[in-house]
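Secondary and tertiary structure notes
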Amino acid sequence: MTGLGAVFRPQLAPERLRAVARVADEVGLEELWLWEDCFREGGISAAAAALAWTERVRIGVGLLPVPLRNVAVTAMEAATLHRMFPGRTVLGVGHGVQDWMGQVGARAESPLTLLREHLVALRALLGGERVTSKGRYVRLDDVALDWPPERAVEVFAGATGPRSLRLAGEAADGTVLTANTPPDGVRRARRLIDEGRAAAGRTDPHKVVVYLLAATGPGAGERLRDELVAEGVGDVPDLGVAGDAEAVADAVRRLAGAGADTVILQPTGDEPDPEGFVRFAAEQVRPLVVD
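Since the model is a prediction, treat every value here as computed from it, not as a measurement.

1. Describing unusual backbone geometry
Cis geometry is found at the peptide bond from cysteine 38 to phenylalanine 39, where omega equals 0°. Positionally, phenylalanine 39 belongs in the loop between strand S2 (31-34) and helix H2 (43-53). A cis amide bond, omega 20°, links glycine 62 with the succeeding residue leucine 63. Tracing the backbone through its elements, the reader meets leucine 63 in strand S3 (residues 58-65). Phi is positive for aspartate 142, close to 60°, though the residue is something other than glycine. On the secondary structure map, aspartate 142 appears in strand S6 (residues 139-143). The phi angle at aspartate 238 is positive, at roughly 65°, despite the residue not being glycine. Residue placement: aspartate 238 occurs in the loop between helix H8 (220-230) and strand S10 (241-242).

2. Looking at the packing of helix H3 (residues 71-84) against helix H5 (residues 111-126)
Two elements in contact, H3 and H5, have axes whose closest approach is 9 Å; the angle formed by their N-to-C orientations is 40°. As summarised for this structure, H3 and H5 are arranged oblique, according to the angle between their axes. In the crossing of H3 with H5, the sense of the turn from one axis to the other is right-handed. Residues Val71, Ala72, Thr74, Ala75, Ala78 and Ala79 of H3 touch H5, and the partners they reach there are His118, Ala121, Leu122, Leu125 and Leu126. For the contact of H3 with H5, the per-class residue count stands at nine nonpolar, two polar and no charged.

3. Quick word on the pattern of salt bridges
All told, the structure shown has 27 salt bridges when counted by the stated rule. A salt bridge links aspartate 184 to arginine 187; its shortest N-O distance comes to 2.7 Å. Residue aspartate 184 and its partner arginine 187 are both found in helix H7 (residues 183-200); the two are separated by three residues, about one turn of the helix. Aspartate 184 sits in the exposed class, given a relative accessible area of 55%. A relative accessible area of 36% places arginine 187 in the partly exposed class. A salt bridge links glutamate 271 to arginine 223, with the shortest nitrogen-to-oxygen separation between them at 3.6 Å. A residue pair is termed long-range when its members are at least 10 positions apart, and glutamate 271 in the loop between strand S11 (262-267) and helix H10 (274-285) and arginine 223 in helix H8 qualify at 48 residues.

The rules we used
- Residues numbered from 1 in each chain as written.
- Predicted model: local features only at pLDDT ≥ 70, side-chain atom pairs only at ≥ 80, totals over all residues.
- Heavy atoms only, no water.
- Helix = DSSP H or I, 4+ residues; strand = E, 2+ residues; numbered from the N terminus.
- Axes fitted to C-alpha atoms, helices over the stretch in contact; angles between N-to-C directions.
- Parallel < 35°, antiparallel > 145°, perpendicular 65-115°, else oblique.
- Left-handed = near helix turned anticlockwise from the far one by under 90°.
- Contact = heavy atoms within 4.5 Å.
- Nonpolar A, V, L, I, M, F, W, Y, C, P; charged D, E, K, R; others polar.
- Salt bridge = Lys/Arg side-chain N within 4 Å of Asp/Glu carboxyl O.
- Buried < 20%, exposed > 50% of the residue type's maximum accessible area, 1.4 Å probe, protein only.

It is worth stressing that arrangement in space is one thing and function is another; only the former is reported here.
Have a look at this one:
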């Protein structure tokens, strides 16, 4: 069954999260995702609050930029959330937007090497292992968590380019794809992920999460076009969807058919009714995409 969720975009003030998260919980939305975009809102702090305000909805963070984080801190925070809210936390890590990383003096010379080392160490620490690492970026000396998760947890990686997608297949448990990924891009990503999995000898499941830029209600088409143009992808076919629940559900089904396990509806940055968007996703779109 295709998973469905929505994004709380950090263009909204942090104090808006409580109302949106509670609506998501009330209407039975499966997943509510948050972003750690510089320089807006912290992913872990926002996730902890959203989890505490709700009872059922899974809270995803996509993504935590690894140049900003020592892997031991990432592991400690992730483990804490997984123990306090078992089964309800989904965390992804990624390169980070390189311009933003440069602004804070954290830009890595080799983002791919950093992400690889971070993923390997993070999964080991969350798995309860004692880790010593002498990598180019990740250096740990006999480090283990006192309170690792009580059961196996998944670590997702954000990826776009071929090398990052292969790395995600090799070293992560799932991959997060941006809303700039059309169905053909999902198929291509799946092939590259599978190449990485094969190279690493992995046969365990690998979930793919895809964001889908979606707009509904008055002015939906114009809002969608404006955002695609602003992102520089206005001429890319099959990106985003504007319209009613059937139109959005059809776009979700196309992504699922291309290999997405979960589709997260991403409202436009100027969405006028975030709570209404969450209700729309859960109450109108979800029944149309149940397999």
